[in-house]
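# Structural overview for review
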Amino acid sequence: MEDIEKLKETFYSEADDILSNLDELLLQLEHNPGDKETLDAIFRSMHTLKGTSSIFEFHSIEKLAHACEDLLDLMRKEEVGEVTSEKMIDTLFTGSDQIKEIITNIQNGSEQNNVNYENTVNEIRALLPKKEHIEVVQKKASDEGMNRAFIRTLGKDERSTIINQIREGRQVYQISIALSKYCFYKGMDPLVLLKNLTFGGEVLLVRCTTEHIPSLEEINPYMLYLDDIWMVFSTTETIDFLNDIFEFALAIGDITVHLLTEEELTSVTPIESKSPANKEDEWGMSDDSREVESGLHETVTSSIGLKNIFLEFMEESNSYIEDIESSILKLEKDKTNLIIVNDIFRPFHTIKGNCGYLGFKELGHLCHSVETLLDNIRNSTIAVNQIIIDTLLETVDAVKKLRLNLPQGISAKFGLTDIELSKYPAQESISTKPLLHRINFLSNLNSAQHIKENTPKLGEILLATGDISEEQLNKALRLQERKLGEILVDEGILPEDKVKSALEIQELQKAGTKGPANAIKVDIEKVDCLVNLVGELVITQTLISQNSSITQLSGQSVSKDIAHLGKITRDIQDHVMSMRMMPLNQTFQKMMRVVRDTAKKAGKNVELIISGEDTELDKTVIEEVSDPLVHILRNSVDHGIETPEARKNKGKPEKGTVHLNAFHRGGNIVIEIKDDGKGLNRERIIEKAIERGLINDPTDVSEQQIYQLIFYPGFSTAEKVTDISGRGVGMDVVRKNIDKLRGRIDIQSKEDQGTTISITLPLTLAIIDGMVVQTGIERYIIPTLSIEESLRPKKEEIITVQEKGELCNLRGALLPILRLNNLYNKKDDHKNPCDALLVVVENDGMRACILVDELIGQQQVVIKTLGDTFKNVRGIAGGAILGDGKVGLILDVRGLIEASLYAKR
């Protein structure tokens with residue numbers, strides 16, 4: 001049970017990644033509806049969700065994802081209009097959102113069915129033509145027609161048996177099965193297929209090629225060496241029975257099924273032998289059939305029959321080669337289309353099978369090798385690239401030459417006339433060995449057992465592909481003052497294009513060795529635990545380094561060792577903290593969906609420009625900053641950006657722009673949201689603030705303080721409430737979340753030019769840069785982010801107001817003086833501010849001076865929460881253990897200023 005729950009957690013995590021990526025892909029598709037690569041990527045994502053959800057019996061997700069998959073399949077195949085395409089994309093967005101909601105409900109233990117996904121499924125079904133209303137699409141065996149070469153090998157008795165079965169009303173099928181050589185690893189056994197067939201009929205005969213079976217010492221019991229299995233099967237069942245039997249085998253192989261007729265069988269001339277006795281062995285193979293398969297030995301006498309077989313082979317193979325060449329050129333333009341790969345595989349497979357019957361070993365071996373390469377491509381083991389395309393085209397050229405050279409060597413055996421020979425002009429003899437080496441090398445390029453720890457050298461690749469010999473390589477290595485490739489070209493050993501091809505293979509191998517093996521997934525709780533332990537290590541190291549017993553020890557070695565321990569501790573701290581750092585990419589991409597939906601509801605044309613998404617931030621900070629970004633972007637679109645008509649009247653482009661950017665500034669991250677809308681209405685904000693009693697005299701507040709009023713709970717300047725905004729609740733959430741992150745918000749705005757909102761955040765919540773100050777016997781930590789300067793005031797700069805409050809005249813600006821000991825009921829060392837120090841702090845446009853006795857120094861401290869008991873103490877953000885083991889309180893500057901104002905009232 002625990003294992004199932006762990007698997008479900010993995011599903012939730014992967015589904016979240018898929019759905020986040022899905023939003024980005026759908027937005028890309030919306031901008032470019034005809035982009036096939038994007039459509040394919042979305043289809044794969046939905047297909048993965050459908051498959052994995054069915055494993056855990058999350059049927060609502062499975063059904064919704066399957067419907068979306070059908071819609072995407074239609075979009076991939078059909079030409080849809082712009083309006084229809086827009087409707088389809090909107091529906092896919094709805095489906096994606098509902099899948100997210102269903103998963104959330106499942107995680108929370110709620111009922112899955114409270115999401116009304118059935119309506120979306122019905123909407124999708126309405127968009128599909130009737131032929132697309134198929135719940136399950138089963139892959140079926142193809143019909144490539146009757147194989148005349150195979151039928152000719154049947155003995156007289158075998159033909160009679162087949163014809164009798166047809167006359168009795170039974171269905172007789174010619175079946176060919178070509179499974180991947182790794183089929184056993186995937187749970188598929190060809191003998192099981194044959195056994196399953198016997199439940200619904202009778203296998204009349206079986207043929208299979210055995211030329212690739214190695215010696216007993218070299219054989220691998222987990223590999224399939226029978227490349228082709230041909231059979232004749234008699235049944236009373238329909239073709240659906242065969243498709244059900246072959247359903248899983250079709251995923252790892254190629255199967256053809258053809259319904260034989262009596263007319264077809266009698267139209268093909270059988271091969272006659274000298275011996276009247278046409279005995280069959282235990283495999284059902286007659287003597288003449290076996291001899292044809294092994295190379296048409298001298299026992300065969302019917303030259304007319306042989307010639308007809310050969311001429312049919314030459315005619316059919318020519319048609320197959322043309323089809324192959326055409327398909328390769330299509331694949332070059334669409335390298336991810338596996339349907340085209342299948343179209344290339346089948347004719348190569350047929351040519352190879354016929355070569356086996358006719359004994360054309362070299363041509364058959366070449367087709368067999370390229371079949372393996374194509375099979376790996378079909379199974380997504382290898383990605384198609386230009387090298388593979390070039391190799392396939394080179395293989396086609398080699399097949400053409402080998403095919404045209406066949407008649408010259410077998411004309412006497414097959415009884416070819418001079419006129420018939422003239423149709424096949426002799427070609428230049430070729431060696432297929434280098435090409436076979438290259439094909440085999442590419443076939444094994446990404447196989448785990450063939451990937452080496454280091455990238456192969458150029459010479460090794462050229463040897464493997466057969467382009468050079470060992471002697472040529474050694475000769476080039478003796479001259480190795482330049483690059484090997486240059487030497488081989490300059491010495492005339494190898495043409496330049498061969499060297500370039502090998503270098504491309506080398507790059508492929510480099511890419512193949514990189515990947516997920518360099519990354520692992522770790523539960524976030526484990527990372528948090530490690531961060532906490534490192535925090536304790538930092539505190540302990542500080543305690544040791546400042547321990548009086550240690551500092552009194554004499555000798556340089558102790559000081560050196562402590563310094564070295566400090567360096568290692570800092571390195572560990574930096575590396576562990578970096579484990580929690582994540583790029584903002586995923587969060588920013590989610591915002592594209594927010595802007596898109598908000599703009600659509602508001603009837604506006606808005607483009608979101610993203611930059612700095614690679615900037616890294618603590619995972620906790622990223623999670624907390626997501627909601628503020630949503631509210632700010634919604635407001636930018638709804639309140640900031642004008643309607644297309646209004647923008648046009650102002651001489652602006654009809655499409656508004658919102659720029660979301662992230663960058664480093666000092667030791668912090670700044671997230672900036674900038675729009676080119678109408679800007680904040682300063683007068684309207686002031687009017688609302690006076691109306692609500694938030695300010696009395698607008699001349700007493702700065703512009704920044706006026707803009708900060710929009711974050712006040714319930715504050716809104718909207719004239720009417722919409723389903724997007726207008727109730728004044730969103731920006732309050734922004735302020736609370738940013739304050740919780742110890743960040744700050746700055747606003748700049750110009751009428752009709754736009755608004756810029758900057759959020760400044762610490763890189764991490766676990767460690768803070770602060771200034772340690774002392775007041776009386778207590779020590780406090782002020783975040784350096786909030787500190788502007790420190791000074792010792794002069795007597796004339798201190799102003800007392802009604803003997804209640806104190807102000808400091810700092811270069812014409814009157815700043816309140818905050819006494820920490822008054823706020824927290826502690827004793828002051830200095831009653832006179834002129835005898836103490838003032839630390840000038842700022843937050844959200846509010847400035848103040850904190851009175852302290854001494855600045856101890858700046859340092860990084862590990863933040864510790866004070867628990868629920870002290871969570872409501874104003875002006876305190878947390879605590880930290882200092883070097884002497886005592887606790888120092890971390891000040892919350894904004895809360896401190898508000899606490900001071902509250903105390904004065």
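Source: prediction; values computed, not measured.

### Considering the overall build of the chain
Of regular secondary structure, the chain possesses 32 helices and 22 strands. A fraction of 71% describes how many contacts in the chain between residues 6 or more apart in sequence connect residues 24 or more apart. When the accessible surface of the chain is summed, it comes to about 47,100 Å², and 50% of that surface belongs to carbon and sulfur atoms.

### Describing the sheet that holds strand S3 (residues 229–235)
The four strands are arranged S2-S3-S1-S4 in an open sheet whose pairing can be described as antiparallel. Two strands in the sheet have a free side with no partner beyond their single neighbour: strand S2 (201–208) and strand S4 (253–259). Adjacent strand axes in the sheet meet at a mean angle of 20°, parallel and antiparallel pairs treated alike. In terms of strand pairing, strand S1 (residues 171–179) meets S3 through seven bridges, oriented antiparallel. Within S3, the residue paired with Val172 across the bridge is Ser234. Packing of helix H7 (residues 156–167) onto the sheet brings it into contact with S1, S2 and S3, and relative to S2 it is tilted by some 150°.

### What to know about the pattern of salt bridges
Side chains that carry opposite charge are capable of pairing whenever their charged atoms lie near each other. Tallied over the full model, the rule gives 29 salt bridges. Asp597 is paired through a salt bridge with Arg593; the nearest N and O atoms lie 2.9 Å apart. One end of the pair, Asp597, and the other, Arg593, are both in helix H25 (residues 585–602), four residues apart, so they sit about a helical turn from each other. Residue Arg593 is classed as buried on the basis of its relative accessible area, which comes to 7%. Overlapping salt bridges, with partners in common, bring together Asp23, Glu30, Asp90, Asp97, Lys100, Arg593, Arg596, Asp597 and Lys600 in one network.

### Quick notes on unusual backbone geometry
Phi at Asp752 is positive, roughly 65°, even though this residue is not glycine. Here Asp752 shows up in the loop between strand S10 (744–750) and strand S11 (754–762). Positive phi, normally seen in glycine, also occurs at Arg811, with a value near 50°. Counting through the fold element by element, Arg811 comes out in the loop between strand S16 (805–810) and strand S17 (813–819).

### A word on a nonpolar patch on the surface
Nonpolar side chains collect at one region of the surface, where Ile213, Leu216 and Ile219 lie side by side and expose about 300 Å² of accessible area between them. Residue placement: Ile219 occurs in the loop between S2 and S3.

### Focus: the sheet that holds strand S18 (residues 837–843)
Spatially, S14-S18-S19-S17-S16-S15 is the arrangement adopted by the six strands of the open sheet, whose pairing is mixed. Two strands close off the open sheet at either side, each with one partner strand: strand S14 (787–791) and strand S15 (798–801). The sheet shows a mean angle of 35° between the axes of neighbouring strands, direction not considered. Here S14 pairs with S18 via four bridges, running antiparallel. Looking at S18, one finds that Ile787 is bridged to Val841.

### Here we look at the environment of Lys100
Relative to the helices and strands, Lys100 is located in helix H4 (residues 82–107). A sequence separation of 88 residues divides Lys100 from Tyr12, and the C-alpha atoms of the two residues are 9.8 Å apart. When near neighbours in sequence (up to four residues on either side) are disregarded, Lys100 contacts Leu19, Asp23 and Arg593.

### A short note on the confidence of the model for the chain
Put simply, the chain has an average pLDDT of 76, and 79% of its residues get 70 or more. In this model residues 131–137 is a low-confidence stretch, pLDDT under 50, and it forms 11 contacts with partners more than four residues away in sequence or in other chains.

### Overview of helix H8 (residues 190–198)
Regarding H8, the residues found buried are Pro190, Leu193, Leu194 and Leu197. Within H8, the buried residues cover an arc of 95° as seen down the axis, which keeps them to one side. Those residues of H8 that are exposed and angled more than 90 degrees off the buried face are Leu191 and Lys195. On the buried face of H8, the contacting elements are S1, S2, S3 and helix H9 (239–245). Taking the backbone nitrogen of Leu191 as reference, a side-chain oxygen 3.0 Å away marks Asp189 as the first, capping residue of H8.

### A short note on the environment of Asp70
You can see Asp70 is positioned in helix H3 (residues 59–77). In this structure the C-alpha to C-alpha distance between Asp70 and Ile124, which are 54 residues apart in sequence, comes to 8.3 Å. Only 2.8 Å separates the side chain of Asp70 from the side chain of Arg125, close enough to count as a polar contact.

### Comments concerning helix H28 (residues 682–691)
Regarding H28, the residues found buried are Ile685, Ile686, Lys688 and Ala689. Across the axial projection of H28, the buried residues extend over an arc of 165°, all falling on one side. Within H28, the exposed residues directed more than 90 degrees away from the buried face are Glu683 and Glu691. Buried residues along H28 sit in contact with helix H29 (703–708).

### Notes on the packing of helix H14 (residues 361–378) against helix H17 (residues 433–443)
Running from N to C, H14 and H17 cross one another at 20°; their axes reach a closest spacing of 9 Å. Taken together, H14 and H17 sit at an angle that is classed as roughly parallel. Both H14 and H17 take part in a crossing whose hand is left-handed. Counting all contacts with H14, which are made through His365, Leu366, Ser369, Val370, Thr372, Leu373 and Asn376, the residues of H17 involved are Leu435, Leu436, Ile439, Asn440, Leu442 and Ser443. Per-class residue counts for the contact of H14 with H17 are seven nonpolar, six polar and no charged.

### A short note on the side chain of Glu806
Secondary-structure assignment places Glu806 in strand S16. At 2.8 Å, the side chain of Glu806 forms a polar contact with the side chain of Arg819. Setting aside its immediate chain neighbours within four residues, Glu806 contacts Ile799, Leu815, Pro816, Ile817, Arg819 and Pro833.

### A word on the packing of H25 against helix H26 (residues 619–640)
Where H25 contacts H26, the two axes come as close as 9 Å, and the packing angle between them is 30°. Overall, the two elements H25 and H26 adopt an arrangement that is roughly parallel. As H25 packs across H26, the resulting crossing turns out to be right-handed. Along the contact surface, H25 presents Thr587, Phe588, Met591, Val594, Val595, Thr598, Ala599 and Ala602, while H26 presents Ile622, Ser626, Leu629, Val630, Leu633, Arg634, Val637 and Asp638. By residue class, the composition of the contact of H25 with H26 is 11 nonpolar, three polar and two charged.

### Quick notes on the environment of Ile524
With respect to the secondary-structure elements, Ile524 resides in helix H22 (residues 524–545). Residue classification places Ile524 among the partly exposed residues on the basis of a relative accessible area of 32%. Measuring from C-alpha to C-alpha, the distance between Ile524 and Lys619 comes to 9.4 Å, with 95 residues separating the pair along the chain. Those residues in contact with Ile524 that sit more than four places away from it in its chain are Arg580 and Lys619.

### Some details on the state of the cysteines
Counted according to the given criterion, the structure contains zero disulfides. Just so you know, Cys367 is unpaired, no disulfide at all, and the nearest cysteine sulfur is the one on Cys355, 5.5 Å from it. Residue classification places Cys367 among the buried residues on the basis of a relative accessible area of 0%.

The rules we used
Residues numbered from 1 in each chain as written. Predicted model: local features only at pLDDT ≥ 70, side-chain atom pairs only at ≥ 80, totals over all residues. Heavy atoms only, no water. Helix = DSSP H or I, 4+ residues; strand = E, 2+ residues; numbered from the N terminus. Contact = heavy atoms within 4.5 Å. Areas by Shrake-Rupley, 256 points an atom, 1.4 Å probe, with all protein chains shown as cover. Pairing = 2+ DSSP bridges. Axes fitted to C-alpha atoms, helices over the stretch in contact; angles between N-to-C directions. Salt bridge = Lys/Arg side-chain N within 4 Å of Asp/Glu carboxyl O. Buried < 20%, exposed > 50% of the residue type's maximum accessible area, 1.4 Å probe, protein only. Patch = residues over 30% accessible without salt bridge, like charges linked within 9 Å, V, L, I, M, F, W, Y side chains within 5 Å. pLDDT = per-residue confidence, 0-100. Arc of directions from axis to C-beta. Polar contact = N/O pair within 3.5 Å; in protein donor to acceptor, adjacent residues only side chain to side chain. Parallel < 35°, antiparallel > 145°, perpendicular 65-115°, else oblique. Left-handed = near helix turned anticlockwise from the far one by under 90°. Nonpolar A, V, L, I, M, F, W, Y, C, P; charged D, E, K, R; others polar. Disulfide = S-S within 2.5 Å.

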